Amino acid sequence: MGVRSFLSQCARTLKLAVKPGRTELWLSIKISLLGIGAIGLIGFIIKLLSFAVGGATAATA
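Notes on the structure in this doc start here. (Residues numbered from 1 in each chain as written. Predicted model: local features only at pLDDT ≥ 70, side-chain atom pairs only at ≥ 80, totals over all residues. Heavy atoms only, no water.)

### Here's the deal with the overall build of the protein
At step 1: Within the protein, the secondary structure is distributed over 2 helices and 0 strands.
At step 2: Taken across its 61 residues, the protein has 0% of its residues classed as buried.
At step 3: Carbon and sulfur atoms provide 72% of the accessible area of the protein, an area that totals close to 5900 Å². (Helix = DSSP H or I, 4+ residues; strand = E, 2+ residues; numbered from the N terminus. Buried < 20%, exposed > 50% of the residue type's maximum accessible area, 1.4 Å probe, protein only. Areas by Shrake-Rupley, 256 points an atom, 1.4 Å probe, with all protein chains shown as cover.)

This is the structure we're talking about:
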């Protein structure tokens, strides 16, 4: 794939792209926040399990 072909495909993609509407943007924000919250909850559960299994030997400052 040449540089010229790549740039023409990028230009074509940008011409087809449209700005999301308010509802679509809000849906994307909600999905992203749910994903971030889920990852945080999983990390918190793993931390609690490590404290339960390892006792209070985890490094504390």
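### Looking at helix α1 (residues 3-16)
At step 1: Compared with an ideal rise of 1.5 Å per residue, which puts 14 residues at 20 Å, α1 spans 20 Å between its outermost C-alpha atoms and is within 8% of the ideal.
At step 2: Summarising burial for α1: 0 of the 14 residues are buried, a small minority. (Expected span 1.5 Å × (residues − 1).)

### Focus: a nonpolar patch on the surface
At step 1: A cluster of nonpolar residues, Leu41, Phe44, Ile45, Leu48, Leu49 and Phe51, forms a patch on the protein surface that exposes about 590 Å² of accessible area.
At step 2: One can find Ile45 in helix α2 (residues 22-54). (Patch = residues over 30% accessible without salt bridge, like charges linked within 9 Å, V, L, I, M, F, W, Y side chains within 5 Å. Salt bridge = Lys/Arg side-chain N within 4 Å of Asp/Glu carboxyl O.)

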